[in-house]
Amino acid sequence: MADEAKPIEKDTSENGAVADVLAELLTSPINVILLVICLVLIYKIFSSRNRSKPVVKPEIPKLKKRDFYLNELRQFDGTGEHGRILMAVNGKVFDVTRGKRFYGPGGPYGVFAGRDASRGLATFSLTPDVLKDDIDDLSDLNSMQMESVREWEMQFTEKYDYVGKLLKAGESPTEYSDIDDETSTDANKSKND
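Residues numbered from 1 in each chain as written. Predicted model: local features only at pLDDT ≥ 70, side-chain atom pairs only at ≥ 80, totals over all residues. Heavy atoms only, no water.

Peer 1: Now, about the pairing of strand β4 (residues 161-167): what can you tell me, with residues and values included?
Peer 2: Of all the seven residues making up β4, five are buried; the element is thus mostly covered by neighbouring parts of the structure. As defined by bridge partners, strand β1 (residues 68-69) adjoins β4 across two bridges and the pair is classed as parallel. Bridge pairing in β4 places Phe68 opposite Leu166. As defined by bridge partners, strand β3 (residues 92-95) adjoins β4 across four bridges and the pair is classed as antiparallel. Counterpart to Val93 in the pairing with β4 is Gly164. (Buried < 20%, exposed > 50% of the residue type's maximum accessible area, 1.4 Å probe, protein only. Helix = DSSP H or I, 4+ residues; strand = E, 2+ residues; numbered from the N terminus. Pairing = 2+ DSSP bridges.)

Peer 1: Give a description of the packing of aromatic side chains that names residues and reports values.
Peer 2: Two descriptors summarise a pair of aromatic rings, namely the distance from one centre to the other and the angle between the planes of the rings. Under the counting rule described, the total for this entry stands at ten aromatic pairs. Where Phe68 meets Phe76, the ring centres are 5.7 Å apart and the plane angle is 80 degrees; that geometry is what we call edge-to-face. Exposure remark for Phe68: the relative accessible area of 0% places this residue in the buried category. On the basis of relative accessibility, which here comes to 17%, the residue Phe76 falls in the buried class. Measuring from centroid to centroid gives 6.0 Å for Tyr103 and Tyr160, while their planes differ by 85 degrees, and the two rings are edge-to-face. Separated by 57 residues along the polypeptide, Tyr103 in helix α4 (residues 100-103) and Tyr160 in the loop between α6 (143-159) and β4 bring together distant segments of the chain. As far as burial versus exposure is concerned, Tyr103 and Tyr160 are alike and both buried. Taken together, Phe94, Phe102, Tyr103, Tyr109, Phe112, Trp152, Phe156, Tyr160 and Tyr162 form an aromatic cluster joined through their ring pairs. (Phe/Tyr/Trp six-rings, centres within 6.5 Å; stacked < 30°, edge-to-face > 60°.)

Here it is as structure tokens:
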């Protein structure tokens, strides 16, 4: 009975299990392809984490509160040195720089940058010919259009920083103090919270 063959025992140790898994993976072409795809995806996940983060442009410092004549406002159309974008709505000037995708050069509302946008917003027109080159008193707008201007003004007040008034020719600018700036900053912080 010594000649009887002993049954071959499977190696159930850890090394044997790993060898079995590797043998199973590498014997089938489909398994090899899937293994390569998994390794490539894992590589991409980990290599994207190691890439340096894109350089973020520093934020433009907050504009001190002041009033603007129309010709001064036009300098803030997003093409200047700092890229600041101001826009007037119903006599109030707002800093819309953080919405530069919309109001900056090439944006859908870019025509309003550095301008009094009241008439364009009231009439839902994005054409430059609707905007006037001098102060627009909006006296020819109907009540619905004026209500629309007021609604836009409220939206801008909630979303963007109010930086001053749009002045008519000969009108004197208001003297704003640093306390006014701090008060409006605190109000905006509580609005954004």
